Amino acid sequence: MNANTPAAAYDGVNIAAGIEIPYRRHAQARTSDLLAQAYLAVLEKAGLAASQVDGIGVASFTHGPDRAIDLAWKLGLSPRWFMDDSNGGASGLNLLQHAVRAIQCGDASVIVLVAGDHFEPADFTRLVENYNITTREHLRPMGAGSPNSMFAMLTRRHMKQYGLERADYGALAVAQRRWAQDNPNAVYRSPLTIEDYLAAPLVSDPLCRLDCVPVVTGANAIVLTADDHPVIKGLPQVRIRAMCSLHNPDHQQGDGLSTGLAQVADTLWRRAGLGPDDIDLCSIYDDYPVMVLVQLADLGFIKGDIKEFIRQRLLTRALPVNTSGGQLSAGQAGAACSLHGLVEAWTQLRGEAGARQVTAARTALVTGYGMVEYRYGMCATALVLEGSQ
Amino acid sequence: MSFHVFSCAACGHAVFPARYLCPACHGAQWRETPAPQGVIQETTATRHKMGEGRQEVLHLATVKTHAGPIVVARLDEAMHEQAEVDLFMEEGALMAGRPGLLHP
């Protein structure tokens, strides 16, 4: 099997609703409470009764010791399909990939995916220092448990390779903050200038505080149904035209300046019957600005000079990228990050994005990235969505 | 303590950290290969808040070992890219320092 092996299409399945439980820097709710809130909110959004749900998937770091089935019990649900995924930035889309197949094969007809965490800075430190055995055994003894150090050195490599400066990554943070100003749910909405960015305290040079996602508490959820399910009859449809993943493409022995998406991009576009120029907006996983540029290049959105792309496509919004403000401004609520971009794309394709609505948005590209093993993330997924607005 | 990487007994491919199977040939037998030296590719200075406005600065480097694998090591002091370093283990941490200095 390789990336070019034909796969069954993702058709016949609809993303019937997507929601976000507003992110907060400090919140009382436990993770389980947040996931339950997200479940109820997405059912209400979809106009579904709890009795119609027969599948549930949970993405979370801090839900333990509970698992998806414990949440199902608390929600009075008797699922025919359930699944947990704690693979960070990859978890939500990984669940989605399985859930679509479950619906196509008749294992379930209505699946709710919830993702979220109660996260305070101390929870984050505990998580990253024990992220996996490699981190615990090789990075933490050096005091280097935080991914900031690894992405600082990756950003330095990217700067050298492409002749970029700090201000180029800052331009991305500034562009996303402009979007966040029109997103009432974003945690950071105050105006941000490139001067503010360049003056922000360095965390791990060349990264400053504004390159690092703010740790927040929150949750996201989506509902998947079959295309012919009565609940979506007459409503605008959001379908998956194509989806491709490739994880651990180089066994952590490369430079981290490309992801698995570089190897699957051609297949993704061929299966979608579209190309980068046909995409109306992108939700690119943005744990650090450099990774947005890396994934956009992997997928063929950046064809030449990166500086020129930033100036001519990103800052002008010719290509709208991370229209919620992304994690850099909206915040990173643990594993909720894995559905955040998908929910934003869904909201845009349904024409419900308010002041930040992209005009006539019909197609969107969403990515997931993450799971740092030793030097950079291993996981990468991309999907192309199409709305019928 | 000296620093080792792991070489596949079947194809010679070297990795760090250790794996069960070789990513190049899926061989399962390994031998330890000394990796006493390398060259710094990138560095960073990570600032940790220590309370009361104090900061601790942690110097880290990505090092290409002469044995093959690219590793992350802690530096005692700020160093430049392309500098040759000695690699050694100290209290469970991989350290990199100027060549020829007396390392434990």
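Look above for the structure.
About the thresholds
Residues numbered from 1 in each chain as written. Chains lettered and ligands numbered in written order. Predicted model: local features only at pLDDT ≥ 70, side-chain atom pairs only at ≥ 80, totals over all residues. Heavy atoms only, no water. Helix = DSSP H or I, 4+ residues; strand = E, 2+ residues; numbered from the N terminus. Rg over C-alpha atoms; globule rule 2.2 N^0.38 Å. Contact = heavy atoms within 4.5 Å. Areas by Shrake-Rupley, 256 points an atom, 1.4 Å probe, with all protein chains shown as cover. Lys, Arg positive; Asp, Glu negative; His and termini not counted. Charge placed at Lys NZ, Arg CZ, Asp CG, Glu CD. Buried < 20%, exposed > 50% of the residue type's maximum accessible area, 1.4 Å probe, protein only. Pairing = 2+ DSSP bridges. Buried area = accessible area lost by both parts, 1.4 Å probe. Salt bridge = Lys/Arg side-chain N within 4 Å of Asp/Glu carboxyl O. Nonpolar A, V, L, I, M, F, W, Y, C, P; charged D, E, K, R; others polar. Core = buried A, V, L, I, M, F, W, Y, C linked by side-chain atoms within 4.5 Å. Axes fitted to C-alpha atoms, helices over the stretch in contact; angles between N-to-C directions. Parallel < 35°, antiparallel > 145°, perpendicular 65-115°, else oblique. Polar contact = N/O pair within 3.5 Å; in protein donor to acceptor, adjacent residues only side chain to side chain. Arc of directions from axis to C-beta. Expected span 1.5 Å × (residues − 1).

S.K.: Sorry, what's going on with the overall build of chain A here?
M.R.: Summing up its helical and strand segments, chain A has 13 helices and 11 strands in all. For 389 residues, the compact-globule estimate of 2.2 N^0.38 gives 21 Å, and the C-alpha radius of gyration of chain A, at 19 Å, lies within 12% of that figure. Each principal axis of the C-alpha distribution contributes one length, and for chain A these read about 55 × 45 × 45 Å. Considering only residue pairs separated by 6 or more positions, chain A has 77% of its internal contacts joining residues 24 or more positions apart. Split by element, the accessible area of chain A, about 14200 Å² in all, is 50% carbon and sulfur. Taking the average location of the 33 positive side-chain charges in chain A and that of its 39 negative ones, the two points are 2 Å from each other.

S.K.: Sorry, what's going on with the overall build of chain B here?
M.R.: Scanning chain B from terminus to terminus reveals 0 helices and 8 strands. Starting at the N terminus and walking to the C terminus, you meet the elements of chain B as β-β-β-β-β-β-β-β. Once the C-alpha set of chain B is aligned to its principal axes, its extents read approximately 55 × 30 × 25 Å. Classification of the 104 residues of chain B by burial places 42% in the buried group. Pairs at least 24 apart in sequence give 35% of the contacts found in chain B among residues at least 6 apart.

S.K.: Help me understand the sheet that holds strand S1 (residues 4–8) of chain B in this model?
M.R.: Within a sheet, neighbouring strands are paired by backbone hydrogen bonds and run either parallel or antiparallel to one another. All names here are of chain B. The strand order across the open sheet built from 3 strands is S2-S1-S3, with neighbouring strands paired in antiparallel fashion. The two strands at the open ends of the sheet, each matched to only one other strand, are strand S2 (14–15) and strand S3 (30–34). With 2 bridges connecting them, S1 and S2 associate as antiparallel partners. Within S2, the residue paired with Phe-6 across the bridge is Val-15.

S.K.: Explain the interface of chain B and chain A to me, please; I cannot follow it from the model alone.
M.R.: Note: interface size is frequently given as the accessible area lost on complex formation between the parts. Listed per partner, the contact involves 28 residues of chain B and 24 residues of chain A. Counting the surface chain B buries against chain A, the share from its top three residues, B:Glu42, B:Arg47 and B:Val72, is 25%. Remark: the boundary between chain B and chain A carries 4 salt bridges. For B:Glu42, the salt bridge is made with A:Arg157, and the minimal N-O distance between the two is 2.8 Å. The set of elements that each furnish at least two residues to the side of chain B that touches chain A consists of S2, strand S4 (37–49), strand S5 (55–65), strand S6 (70–75) and strand S8 (93–97) of chain B. With 8 residues, the single largest contributor to the side of chain B that touches chain A is S4(B). Each residue belonging to the side of chain B that touches chain A can be placed in one class, and the counts come to 15 nonpolar, 8 polar and 5 charged.

S.K.: What should I look at first to understand the nonpolar core in this one?
M.R.: General note: in soluble globular proteins, nonpolar side chains tend to be found buried as a group. All names here are of chain A. Residues Leu-96, Leu-113, Leu-342 and Leu-385 are the most contacted members of the largest nonpolar core, which totals 67 residues. In terms of residue count, the dominant contributor to this core is helix H1 (residues 31–46) (8 residues). Counting residues in each nonpolar core, the second largest holds 59 residues, with Leu-261, Val-264, Trp-269 and Val-290 among its members.

S.K.: Just to check I follow, could you spell out the packing of helix H3 (residues 91–104) of chain A against helix H13 (residues 337–349) of chain A for this structure?
M.R.: For any two helices packed against each other, one specifies the inter-axial angle together with the distance between the axes. All names here are of chain A. As a packed pair, H3 and H13 sit with axes 6 Å apart at the nearest point and diverge in direction by 70 degrees. The orientation of H3 with respect to H13, classified from their angle, is roughly perpendicular. Where H3 abuts H13, its residues Ser-91, Gly-92, Leu-93 and Leu-96 lie against Ser-338, Leu-339 and Leu-342. Taken together, the residues that form the contact of H3 with H13 break down as 4 nonpolar, 3 polar and no charged.

S.K.: Would you explain the pairing of S6(B) in this entry?
M.R.: Within a regular beta strand, the side chains point alternately toward one face of the sheet and then the other, so they alternate between its two faces. Residue and element names in this part refer to chain B. For S6, a buried count of 5 out of 6 residues is recorded, marking the element as mostly surrounded by other parts of the structure. When S5 meets S6, the two strands line up antiparallel, connected through 6 bridges. What sits directly across from His-59, in S6, is Leu-75. Of the pairings in the sheet, the one linking S6 to S8 comprises 2 bridges and is parallel in character. For Arg-74, the partnering residue across the bridge sits in S8 and is Met-95.

S.K.: It is not clear to me how the side chain of A:Asn148 should be interpreted in this structure. Could you clarify?
M.R.: Residues and elements named next belong to chain A. Here Asn-148 lies in helix H6 (residues 147–162). A distance of 2.6 Å separates a polar atom in the side chain of Asn-148 from a polar atom in the side chain of Tyr-288. Discounting residues that sit within four places of it in the chain, Asn-148 has contacts with Val-203, Ser-204, Leu-207, Cys-212 and Tyr-288.

S.K.: Whenever I open this one, helix H11 (residues 306–314) of chain A confuses me. Can you help?
M.R.: Owing to its 3.6 residues per turn, the α-helix brings residues three or four apart onto one side. All names here are of chain A. The complete set of buried residues in H11 reads Ile-306, Phe-309, Ile-310 and Leu-314. What you see down the axis of H11 is that its buried residues fit within an arc of 100 degrees, all on one side. Packing partners of the buried residues in H11 comprise H6, helix H7 (166–180) and helix H10 (289–298). A side-chain oxygen of the first residue of H11 lies 3.4 Å from the backbone nitrogen of Lys-307; this N-cap is Asp-305.

S.K.: Sorry, what's going on with H3(A) here?
M.R.: Residues and elements named next belong to chain A. A rise of 1.5 Å per residue sets the reference length of H3, with its 14 residues, at 20 Å; its end C-alpha atoms lie 20 Å apart and thus fit the reference within 8%. The buried count for H3 comes to 10 of 14 residues, which makes it a mostly enclosed element. Taken together, the buried positions of H3 are Ser-91, Gly-92, Leu-93, Asn-94, Leu-95, Leu-96, Ala-99, Val-100, Ala-102 and Ile-103. Positioned one or two residues after H3, Gly-106 has a phi angle of 85 degrees, which is positive.

S.K.: Just to check I follow, could you spell out unusual backbone geometry for this structure?
M.R.: A negative phi angle is the norm for most residues apart from glycine, just as the trans form is the norm for most peptide bonds. Look at the link from A:Asp205 to A:Pro206: it is a cis peptide, with omega at 10 degrees. Along the polypeptide, A:Pro206 turns up in the loop between strand S5 (202–204) and strand S6 (207–208). With an omega dihedral of -5 degrees, the bond running from B:Phe16 to B:Pro17 counts as a cis peptide bond. Relative to the helices and strands, B:Pro17 resides in the loop between S2 and S3. For A:His251, which is not a glycine, the phi torsion comes out positive at approximately 60 degrees. With relative accessibility at 27%, the residue A:His251 sits in the partly exposed group.

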